[in-house]
Amino acid sequence: MSVRTILFTGKGGVGKTTSAAGTAALAAREGHRTLVVSTDAAHSLGDAFGVPAGEEPVEVAPRLWVQQVDAQRRFERSWAEIQGYLLSVLDSAGVDPITAEELTVLPGAEEVLALLELRTQVVSGRWDVVVVDCAPTAETLRLLALPEALGSYMTRVFGVQRRVVRALRPVLTRAAGVPMPEDSVFDAVERLHRDLEEVQQLLSGPGATVRLVLTPETVVVAEARRSLTTLSLYGYRVDGVLANRVFPEGGGDPWRAGWVASQRQVLDEVRQSFAGLPVWRSAYSAGEPVGVEALADFARAAYDGHDPLDEPEGDGPMTITRTRAGAELRIALPFAQRDDVDLARHGDELVVTVGSHRRLLALPAALRRHAVAAARVEDGVLRVRFRFEQEEQV
């Protein structure tokens, strides 16, 4: 049985951490060994449970553990060998040590490597359910896109570079005046690449879904729509939307009645925008739920009798169908219009661009030898038709 993995993301301040923590608390109450882990640098997961959350999982209730990933320590473990080489190069070039240290810390790398800890926990065999409190939407999308992008670069460039450096290391070192990387450095880069590739496969595979958290505000809903498009582009499956801080109907107070009417209109838009996905709701309350009991009650009310661990049925964001003349590749891009999407073929890859997001999609072996015959965007789906070569049709 695969581990059920649910990632919660959304615009900052919409109740993402509360939603993740509540779902985990409810899963544990239902008898599942559950870990809720945060990759968000805000470190608010421990606050939601009212306990300190450390680098290792801490049991806060029967069958419920909480972990706040120490991204800095994970970064140091995964990046140390590569950083050591870069520091030696900068030292040879006369860069002072403090500046060199700053130059060899990649922006955003800590958050990316936090995903490696998630992979470690999912494959550990300790858990039935892993719930992830992700960073706010924009950061999450960048993180989830990186493993595939890095994999593409490694496949094209890294193997050739390693062979050249190994053969010519003494000559290159003398010519360049800086040390060439040893095999251990290449090994460290390859190991990091493999780990990130496994993260991507895990999070886009069976049992793993993303859940969007929002509040009934037009700007927030617009960002959630864009997130659904981008997550689908990268092959991640969204299984539902949780709308937080919904004002209850009735009461007669004109001020509150205005809010209720405004939210009702936005919630109608949410239902139309995310048709086919469940939309759960949680009522506005004067204070945030804190502690296991309050969080589980919050989630029970929000899911309203639905099983929060249900897995979606049907096809995922990307499918391939064989046709009489070849095959058709379909990529779900909800809300995308024809003018939003650009498609190019680069060797064995398709380059799909939607707005500011680009995916380098390695084609399956069955499609690599065949030409793109046509492409179109229709009803939120990019359809790419491949024509088999003549010799295969004979």
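Nothing here was measured: the structure is a model prediction, and the numbers come from that model.

Reading the values: rules and limits
- Within each chain, residue numbers correspond to sequence positions counted from 1 in written order.
- Per-residue local features are limited, in this predicted model, to residues with pLDDT of at least 70; the limit for side-chain atom pairs, both in listing and counting, is 80 or more; totals at the level of whole chains, interfaces and linings are taken over all residues.
- Side-chain calculation: all heavy atoms of the structure are included, whereas hydrogens and water are not.
- Here, patches come from residues exposed beyond 30% relative accessible area and free of salt bridges, joined within 9 Å for like charges and within 5 Å for nonpolar side chains (Val, Leu, Ile, Met, Phe, Trp, Tyr).
- The accessible surface values rely on the Shrake-Rupley method and a 1.4 Å probe; as for residues, cover is taken only from the protein chains in view.
- A carboxyl oxygen of Asp or Glu within 4 Å of a side-chain nitrogen of Lys or Arg is what we treat as a salt bridge.
- The convention is simple: Lys and Arg are positive, Asp and Glu are negative, and His and the chain ends are not counted.
- The atoms used to mark charge sites are NZ of Lys, CZ of Arg, CG of Asp and CD of Glu.
- Only DSSP runs of H or I with at least four residues qualify as helices, and only runs of E with at least two residues qualify as strands; both kinds are numbered from the N terminus onward.
- In this analysis, two residues are considered to be in contact whenever any of their non-hydrogen atoms come within 4.5 Å of each other.
- In this analysis, rings of Phe, Tyr and Trp, with Trp reduced to its six-membered ring, are considered paired at centre separations within 6.5 Å, and the interplanar angle assigns stacked below 30 degrees, edge-to-face beyond 60, and tilted for intermediate values.
- Exposure classes here rest on a 1.4 Å probe applied to the protein chains alone. A residue is buried below 20% of its type maximum, exposed above 50%, and partly exposed in between.
- By definition, two strands form a pair when at least two bridges between them are found by DSSP.
- Here the term right-handed applies to a crossover when the path leading from its first strand over the helix to its second strand runs clockwise, the strands being oriented away from the viewer.

K.L.:
I'm lost on a negative patch on the surface in this one. Help?
P.N.:
A grouping of Glu30, Asp307, Asp310, Glu311 and Glu313 is seen on the molecular surface, where their side chains present a negatively charged patch. Counting through the fold element by element, aspartate 307 comes out in the loop between α10 (292-303) and β9 (318-322).

K.L.:
Got a minute to help me understand the side chain of threonine 18 in this structure?
P.N.:
For threonine 18, the position within the fold is in helix α1 (residues 16-29). Look past the residues within four positions of threonine 18 in its chain and what remains in contact with it is Glu288, Pro289, Leu295 and Phe298.

K.L.:
Help me understand the packing of aromatic side chains in this model?
P.N.:
Here a ring pair, both rings aromatic, is described through the centre-centre distance and the interplanar angle of the planes. Applying the stated rule across the entire model yields seven aromatic pairs. Taking 5.0 Å as the distance between ring centres and 75 degrees as the angle between the ring planes, the aromatic pair formed by tryptophan 280 and tyrosine 303 counts as edge-to-face. Highlighted residues: tryptophan 280 in strand β8 (residues 279-283) and tyrosine 303 in helix α10, separated in sequence by 23 residues. Comparing tryptophan 280 with tyrosine 303, the two get one shared label, buried. In this structure an aromatic cluster arises from ring pairing among Phe247, Trp255, Trp259 and Tyr284.

K.L.:
Teacher, can you tell me more about the pairing of strand β7 (residues 238-246) here?
P.N.:
The side chains of a regular strand alternate between both faces of the sheet. Here β7 lies mainly inside the structure; eight of its nine residues are buried. Pairing analysis gives five bridges linking strand β6 (residues 208-214) to β7, with the strands arranged parallel. Paired with leucine 214 across the two strands is alanine 243, which belongs to β7. Crossover β6 to β7 through helix α8 (residues 218-233) is right-handed. Where β7 and β8 come together, four bridges link them in parallel fashion. Each bridged residue has a counterpart across the sheet, and for valine 241 the counterpart in β8 is valine 279.

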